[in-house]
Amino acid sequence: MTRFASSSNATEAAKVAVQIRLMVALDFASGFVRAHDGIGPIVFGGNTYTGIGVFGSIESVSEDIDVIARPLRMTLSGIDSSLITTAMTEEYQGRSATIYLAFVNPETNALVDTPETVWEGRMDSMSIEISKGQATINLSCEPRLRREPRIARYSSQDQQLAYATDTFFDLVMTI
């Protein structure tokens, strides 16, 4: 049984030798950061994913029989320490993070087919380590945060957001 939605990706995965790229799209307040674990640019969906090579890594996500949402940790190392201020002040918590699996043609560095979404979640926490002028950024992402409902109250304001003309909760404060 295949785990791929695309038959071209399933055929490529069945080959003896393949080139695979993990592609990451992170939605920061200042704009998306798109990268992949290879070298050179890859264009997907009209967006360019920058190759970061061995400077980036994604911790393995384990699959268990338990239905537990497990966090994902991404690391970017070898960053100039002057960019740390940007990383520390950037708005990121609760914003989307998506990881794709792509098969690449070794001769042309072009995608074989549309990359498969292998993980989606929300950015949660970031830690920064500085040593000898180089920095390492660790980003923890949570899949469960994407599926949690928006917190709503039984108030007139929340009801108005859902149904603009509904006045059901207008008199709750008088009870």
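The structure reproduced in this document is the subject of the present report. In this convention, every chain numbers its residues from 1, walking through the sequence in written order. Two thresholds apply to this predicted model, a pLDDT of at least 70 for residue-level local features and 80 or more for giving and counting side-chain atom pairs, whereas whole-chain, interface and lining totals are computed over all residues. Think of the side-chain values as coming from all heavy atoms in the structure, minus any hydrogens and water.

1. Brief notes about the overall build of the protein chain
Inference 1: Looking only at helices and strands, one finds four helices and nine strands in the protein chain.
Inference 2: What counts as a helix is a DSSP run of H or I of at least four residues, what counts as a strand is a run of E of at least two, and both are numbered from the N terminus. Walking the protein chain from its N terminus toward its C terminus, one meets helices and strands in the order α-β-β-β-β-β-β-α-β-β-β-α-α.
Inference 3: Residue burial is assigned from relative accessible area. The probe radius is 1.4 Å, only protein chains are included, and a residue is buried under 20% of its type maximum, exposed over 50%, and partly exposed in between. Expressed as a percentage of its 175 residues, the buried residues of the protein chain come to 29%.
Inference 4: Residues are treated as being in contact if the distance between any of their heavy atoms lies within 4.5 Å. Taking the intrachain contacts of the protein chain between residues at least 6 apart in sequence as the baseline, contacts between residues at least 24 apart amount to 53%.
Inference 5: Note on areas: these come from Shrake-Rupley sampling with a 1.4 Å probe, and a residue is covered only by the protein chains present in the view. Carbon together with sulfur atoms contributes 55% to the accessible area of the protein chain, which is approximately 11,700 Å² in total.

2. Focus: the side chain of T98
Inference 1: Of note, T98 is situated in strand β7 (residues 96-104).
Inference 2: Here T98 falls in the buried class, since its relative accessible area comes to 9%.
Inference 3: Contact partners of T98, with chain neighbours within four places excluded, come to M23, V24, A25, T117, W119 and E120.

3. A short note on the packing of aromatic side chains
Inference 1: Ring pairs shown here join Phe, Tyr and Trp side chains whose ring centres sit within 6.5 Å, with only the six-membered ring taken for Trp; geometry is labelled stacked below 30 degrees between planes, edge-to-face above 60, and tilted in between. Per the counting criterion, the structure on display carries three aromatic pairs.
Inference 2: Ring centres of F44 and Y49 lie 6.1 Å apart, and the angle between their planes is 40°; on these two criteria the pair is classed as tilted. Grouping residues by exposure puts F44 and Y49 together as buried.
Inference 3: With a centroid separation of 5.2 Å and an interplanar angle of 75°, the aromatic rings of F44 and Y100 are classed as edge-to-face. Separated by 56 residues along the polypeptide, F44 in strand β3 (residues 42-44) and Y100 in strand β7 bring together distant segments of the chain. Neither residue differs from the other here; F44 and Y100 are each classed as buried.
Inference 4: Clustering of aromatic rings is evident, with ring pairs tying together F44, Y49 and Y100.

4. Observations concerning unusual backbone geometry
Inference 1: Backbone geometry places N109, a non-glycine residue, at a positive phi of 60°.
Inference 2: Within the secondary structure, N109 sits in the loop between β7 and β8 (116-131).
Inference 3: Take N109: its relative accessible area is 26%, and that puts it in the partly exposed class.

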